[in-house]
Amino acid sequence: MKTNPSIVYSGDYFALSRDALIDQVRKQMGPKRFEHVLRVEQAALALAERYQVSLEKASIAALTHDYAKEQDDQKMKHLIETEKLDSDMIPFGNNIWHGPCGAVMVQKELGITDEDILNAIRHHTIGAPKMSLLEQVIYVADYIEEARDFPGVEEARALAFDSLEKVVAYETHHTLSYLIENRKAVYPKAIETYNAWTAK
Ligand SMILES: [Fe+2]
Ligand SMILES: [Fe+2]
């Protein structure tokens, strides 16, 4: 896996180097997910370049987006309670929790306080009615990283470099359709994302 040694962090968003951030991230997850995180960074950097988003912020947000994905459920539930995160997400499990919980953990444990980066982590799974370019880049990068293989991924990849807005709508529609077709519950905030982006 290419590791982008060319990106040098300024210290504005994370106090240490990219290598130091990678070491922190690696400790939080198994090797498979870690490889996914590196691929998301690759995709995020390509999109960031295309849409003139800060490469440094894209790198940091991508590397930390799944920081809470392999955390213990009890710890996550405790965090939802103590941080007063949306309690409606409790029945949905870590698939939904790890974005908002990850943003809290990344702030506390890594000292990352940039709201745009934290929102990108927070919203990477279900999106949000309003998303900054960085948030959109991370939302889409997670969906199209090179190992993703599902019907429609090639269309999503092509669309991603044509229009960020269109690919966000495409991703949201496909994710929701998949959940509904498989009779899975939809976290209400995902519907808010769908309504906002499908109307554009
Ligand atoms: Fe995730
Ligand atoms: Fe991910």
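By the naming in an unreviewed UniProt entry, the protein goes by bis(5'-nucleosyl)-tetraphosphatase (symmetrical) and is assigned to Pisciglobus halotolerans. The UniProt entry for the protein carries the following comment under Catalytic activity (unreviewed entry): "P(1),P(4)-bis(5'-adenosyl) tetraphosphate + H2O = 2 ADP + 2 H(+)".

A. Quick look at the overall build of the protein. What the protein contains, in helices and strands, is 10 helices and zero strands. Over its C-alpha trace the protein gives a radius of gyration of 16 Å, about what one expects of a compact globule, namely 16 Å for 200 residues. If one aligns the C-alpha atoms of the protein with their principal axes, the spans along those axes are about 45 × 40 × 30 Å. Once local pairs closer than 6 in sequence are excluded, the contacts in the protein between residues at least 24 apart make up 62%. As displayed, the protein has an accessible area near 10000 Å², and 50% of this comes from carbon and sulfur atoms. Positive and negative side-chain charges in the protein, numbering 23 and 31 respectively, have mean positions lying 2 Å apart.

B. Seen up close, the coordination of the iron ion (ligand 2). Binding of the iron ion (ligand 2) to the protein goes through His-36 (NE2), His-65 (NE2), Asp-66 (OD) and Asp-142 (OD), at separations of 2.2 to 2.4 Å. Here the iron ion (ligand 2) binds four donor atoms, and the angle range of 82 to 174° at the metal identifies the geometry as irregular. Linear spacing of the donor residues for the iron ion (ligand 2) on their chain is H-x28-H-D-x75-D. A distance of 3.5 Å spans the gap from the iron ion (ligand 2) to the iron ion (ligand 1), which Asp-66 bridges by coordinating each metal. In this pair, His-65 sits in the loop between helix H3 (55–64) and helix H4 (73–82) while Asp-142 sits in helix H7 (residues 133–144), placing the two residues 77 residues apart along the sequence.

C. How the structure looks around the side chain of Gln-136. One can find Gln-136 in helix H7. Residue Gln-136 is classed as buried on the basis of its relative accessible area of 7%. Look past the residues within four positions of Gln-136 in its chain and what remains in contact with it is Met-131, Leu-164, Glu-165, Val-168 and Trp-197.

D. Summary view of the environment of Arg-26. Structurally, Arg-26 is set in helix H1 (residues 18–26). According to the relative accessible area criterion, Arg-26 is partly exposed, its value standing at 44%.

E. Inspection of the nonpolar core at higher detail. Leu-21, Leu-47, Leu-63, Cys-101, Ile-112, Ile-138 and Val-140 are the most contacted members of the largest nonpolar core, which has 66 residues in total. For this core, the leading source of residues is helix H2 (residues 31–50), giving nine residues.

F. Fine view of the packing of aromatic side chains. The full count for this structure, using the stated rule, is two aromatic pairs. Ring plane angle 45° and centroid distance 4.8 Å describe the contact between Tyr-143 and Phe-150, whose orientation is recorded as tilted. The class for Tyr-143 is buried, based on a relative accessible area of 12%.

G. Up close: unusual backbone geometry. Positive phi outside glycine occurs at Gln-52, with the angle close to 55°. Gln-52 sits in the exposed class, given a relative accessible area of 75%. If you check the backbone angles, Arg-183 has positive phi at about 50° while not being a glycine. Position of Arg-183 among the secondary structure elements: in the loop between helix H9 (164–181) and helix H10 (188–198). On the basis of relative accessibility, which here comes to 81%, the residue Arg-183 falls in the exposed class.

Rules used in this analysis
- Residues numbered from 1 in each chain as written.
- Chains lettered and ligands numbered in written order.
- Predicted model: local features only at pLDDT ≥ 70, side-chain atom pairs only at ≥ 80, totals over all residues.
- Heavy atoms only, no water.
- UniProt positions renumbered as here; feature names shortened; annotations may be inferred.
- Helix = DSSP H or I, 4+ residues; strand = E, 2+ residues; numbered from the N terminus.
- Rg over C-alpha atoms; globule rule 2.2 N^0.38 Å.
- Contact = heavy atoms within 4.5 Å.
- Areas by Shrake-Rupley, 256 points an atom, 1.4 Å probe, with all protein chains shown as cover.
- Lys, Arg positive; Asp, Glu negative; His and termini not counted.
- Charge placed at Lys NZ, Arg CZ, Asp CG, Glu CD.
- Donors = N, O, S within 2.8 Å, 3.2 Å for Na, K, Ca; no water.
- Tetrahedral: all angles 85-135°; square planar, octahedral: opposite > 155°, others 65-115°.
- Buried < 20%, exposed > 50% of the residue type's maximum accessible area, 1.4 Å probe, protein only.
- Core = buried A, V, L, I, M, F, W, Y, C linked by side-chain atoms within 4.5 Å.
- Phe/Tyr/Trp six-rings, centres within 6.5 Å; stacked < 30°, edge-to-face > 60°.

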